[in-house]
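Spelled out from the first residue to the last, the chains are:
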Amino acid sequence: MADRSVRWSRRTTLTVFGAGALGALGAAGYGILRTDSVADPTRAAAWGGSAPAAASGSGGTPPAVAVRDPHYPGDAEPGPVGPAPRRASGGGPSAVSRENSRPGTAGFGTGRHRFGDDAHGQIAGYTSSSGVEIGAELGFHVSVAPAQQYRIQIYRVGHYGGPGGRLVATSPWLAGRRQPPPTVAAQTRMVHCDWPVGWRLRVGRDWVSGYYLALLTNAAGWSRWIPFVVRDPERSAAGLVVVPTSTYQAYNLWPDDGRTGTSLYRGFDPAGQPDPELRATAVCHDRPYQGSGMPRQARNDIGFVRWMEGHGYDVTYATSEDLHTGRVDPRRYWAVVFCGHDEYWTVEMRRAAAAARDAGTSLVFLAANNCYWRIRYGGADSRTSERVVECAKTLPPWIGEVPLTTQWRIAGSPEQQLLGGQYVSIVDGQAPLVVRESRHWFWAGTGVRDGDRIPRVVYGEADRVQPSLRGPRAADRVLLSDSPYRRGRRIYRQQTSLYRTDSGAWVFDAGSLGWTRALSATGFVDSRLQRATSNLLDRVLRHQPSAAVR
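Caption draft 1: Structural context of the overall build of the protein chain. Per the secondary structure count, the protein chain includes eight helices and 29 strands. For the protein chain, the proportion of its 550 residues judged to be buried stands at 60%. In the protein chain, the proportion of contacts linking residues at least 24 apart, taken out of those at least 6 apart, comes to 74%. For the protein chain, the accessible surface area stands at approximately 21,100 Å², while carbon and sulfur atoms represent 48% of it.

Structure (structure tokens):
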């Protein structure tokens, strides 16, 4: 979610509705690139349309002013890359299919436990890394109050014929104690824990890459989740699923106790009320996630993983940090699937994604408001200090070069140039997805016609194509939905976009946080959107459809 309000001087508050971030300022006067076209958000947005001529006081789009960004040369020039590695050739059941043929754990569910709270700290913990490689160790740092025994159960998320997860390991009962309170950095307000390792998990060589959940439970029955990813960069697979761990941490307010916790969005004032003025400018993976331990939006990501694995797609998994450091090379895969709300990107992440696209790897974005804030990982050596996510969220005016941690669009590299569309605004309530181009292969077998409405898909946040901006270089491009929705007193439009590059890569932008919810969430599932998403994944992953588990 983009900040709704970012204070940049004592007397002026810039209201940020994503694409309209600079509208109140008059972008041309600040020497930056105007990157929105929401002055008339109800206007039809034919891809490639031109922006209206600017007129003084008219609310139109002013002429763009070039910026000098020393941090990123643009998606057209992603930097020197070597030859693309060989991609998976396919054939035979995938490792994911074999794994999901095993029996799941009866009664598995993410909400079926008695969770502690951050004020009392009955049990909480974090892992030494957001992801771990096959055959390596992962440390668990745990606090228990009052002191008592606890254990850790490790589940792999998948379909497994319905249960949705499989228990793969259990620790012995361990001696737990209350750990020291976190430190809070004076300058950045970053909350950081320095707890000792309470248990080490050795990931077996026979484990399958995936989305894993550790369930901490103390002797009194209080529980807390810790998510992590197991990666297997050596295994040949058709696709790579990237879990948005940098965005998970950006929203993490632990400890949500009315006193200490901070996120990149808010902190607490002396009265215990959330205050955006007291937000952190850096957040750290060395702390638990607030509440039950499930990051914000993680349940939608988990729902997608279960649905996708039920269809047997040949994929492996990685985190934001893996993409940033180069531990995974996205060019090895036919497609990279960004399964969730992936808002916070480093230069290295975007360079890797752009290089993969230009090498023929398709990119699938299944949410909205992706690649919005530009971040860095903390410290002078950004490739190794990956536990700290820094984002000062600097907005104009500024003096000199474009700062590193600002919006990608303000820096002169609008996310549309990679994704095909970009963030517009928060969505009030929920609205139907309105189908467009129903004869396109994407909609094949769904039975939809132009103008059909798929209920409650436009939710949370929305993207659209900004016709005033230069889009990506594309051989083919199409809008697959064009959906009105309300934000405050205004009507905006959500759009789902798809384009194909000269390299043969497809780039899909779902344009709504409600997309994956319609694939798997009880009460929201729509078979038409399930079929359309299968059409997309079948094509980009070169998957031969078989009898899938529905």
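Past the structure itself, the notes keep going.
Caption draft 2: Structural detail: the environment of Ala 444. With respect to the helices and strands, Ala 444 occurs in the loop between strand S25 (422-434) and strand S26 (453-464). For the pair formed by Ala 444 and Arg 528, sequence separation is 84 residues and the distance between their alpha carbons is 9.5 Å. Apart from the residues lying within four places of it in its own chain, the contact partners of Ala 444 are Arg 531 and Asn 535.

Caption draft 3: A look at the sheet that holds strand S24 (residues 388-390). If you walk across this open sheet you meet the three strands as S17-S24-S23, and the pairing is antiparallel. What marks the edges here is a single partner per strand, and that holds for strand S17 (282-284) and strand S23 (376-377). With three bridges joining them, S17 and S24 adopt antiparallel strand pairing. Across the sheet, residue Ala 282 finds its bridge partner in S24, namely Glu 390.

Caption draft 4: Inspection of empty space enclosed by the protein at higher detail. Applying the stated criterion across every chain, the model contains three cavities of 30 Å³ or more. Quantified by volume, the largest cavity comes out at close to 160 Å³. Lining the largest cavity we find 19 residues, and of these Thr 127, Ser 130, Pro 227, His 285 and Tyr 289 sit closest to its centre. Of all the elements in the fold, those that place two or more residues in the lining of the largest cavity are strand S3 (123-127), strand S13 (223-231) and helix H2 (245-251).

Caption draft 5: Region of interest: the sheet that holds S3. The strand order across the open sheet built from three strands is S3-S5-S11, with neighbouring strands paired in antiparallel fashion. Only two strands of the sheet have a single neighbouring strand rather than two, namely S3 and strand S11 (199-202). Taken over all neighbouring pairs, the strand axes of this sheet differ in orientation by 25° on average, direction set aside. Pairing analysis gives five bridges linking S3 to strand S5 (residues 137-144), with the strands arranged antiparallel. Of the residues in S5, the one forming a bridge with Thr 127 is Phe 140.

Caption draft 6: The arrangement of the side chain of Gln 494 in detail. Tracing the backbone shows Gln 494 in strand S28 (residues 490-500). Not counting residues up to four positions away in its chain, the partners in contact with Gln 494 are Leu 433, Val 458, Ala 462, Asp 463, Ser 481, Asp 482, Ser 483, Tyr 485, Ala 510, Gly 511 and Ser 512.

Caption draft 7: The pattern of salt bridges, seen in detail. A complete count under the given rule lists 24 salt bridges for this structure. Its salt-bridge partner being Arg 528, residue Asp 526 comes within 2.9 Å of it at the nearest N-O pair. The class for Arg 528 is partly exposed, based on a relative accessible area of 23%.

Caption draft 8: Just the packing of aromatic side chains, in detail. In total, this model carries 25 aromatic pairs according to the counting rule given. Between Tyr 212 and Phe 228, the aromatic rings sit 5.7 Å apart at their centres with planes inclined by 20°, giving stacked as the arrangement. Of the two residues, Tyr 212 sits in strand S12 (residues 210-218) while Phe 228 sits in strand S13, which places them 16 residues apart along the sequence. For Tyr 212, a relative accessible area of 1% translates into the label buried. Of the aromatic side chains, those joined through ring pairs into one cluster are Phe 140, Trp 199, Trp 207, Tyr 212 and Phe 228. One Lys or Arg, Arg 374, reaches over the ring of Trp 408 and ends 5.0 Å from the middle of that ring. Here Arg 517 stacks its cationic end above the ring of Phe 524, 3.8 Å away from the centre of that ring.

Caption draft 9: View of the nonpolar core. The biggest cluster of nonpolar side chains holds 60 residues, and the ones touching the most others in it are Tyr 211, Phe 304, Phe 442, Trp 443, Phe 508 and Trp 515. With 24 residues, the next largest nonpolar core counts Leu 240, Leu 323, Leu 363 and Leu 418 among its residues.

Rules used in this analysis
Residues numbered from 1 in each chain as written. Predicted model: local features only at pLDDT ≥ 70, side-chain atom pairs only at ≥ 80, totals over all residues. Heavy atoms only, no water. Helix = DSSP H or I, 4+ residues; strand = E, 2+ residues; numbered from the N terminus. Buried < 20%, exposed > 50% of the residue type's maximum accessible area, 1.4 Å probe, protein only. Contact = heavy atoms within 4.5 Å. Areas by Shrake-Rupley, 256 points an atom, 1.4 Å probe, with all protein chains shown as cover. Pairing = 2+ DSSP bridges. 1 Å grid on protein atoms, 1.4 Å probe; cavity = no way out; pocket = protein on both sides within 12 Å on 5 of 7 lines; lining within 4 Å. Points joined across faces, edges and corners; volume = space filled by probe spheres on them. Axes fitted to C-alpha atoms, helices over the stretch in contact; angles between N-to-C directions. Salt bridge = Lys/Arg side-chain N within 4 Å of Asp/Glu carboxyl O. Phe/Tyr/Trp six-rings, centres within 6.5 Å; stacked < 30°, edge-to-face > 60°. Lys NZ or Arg CZ within 6 Å of the ring centre and 35° of its normal. Core = buried A, V, L, I, M, F, W, Y, C linked by side-chain atoms within 4.5 Å.

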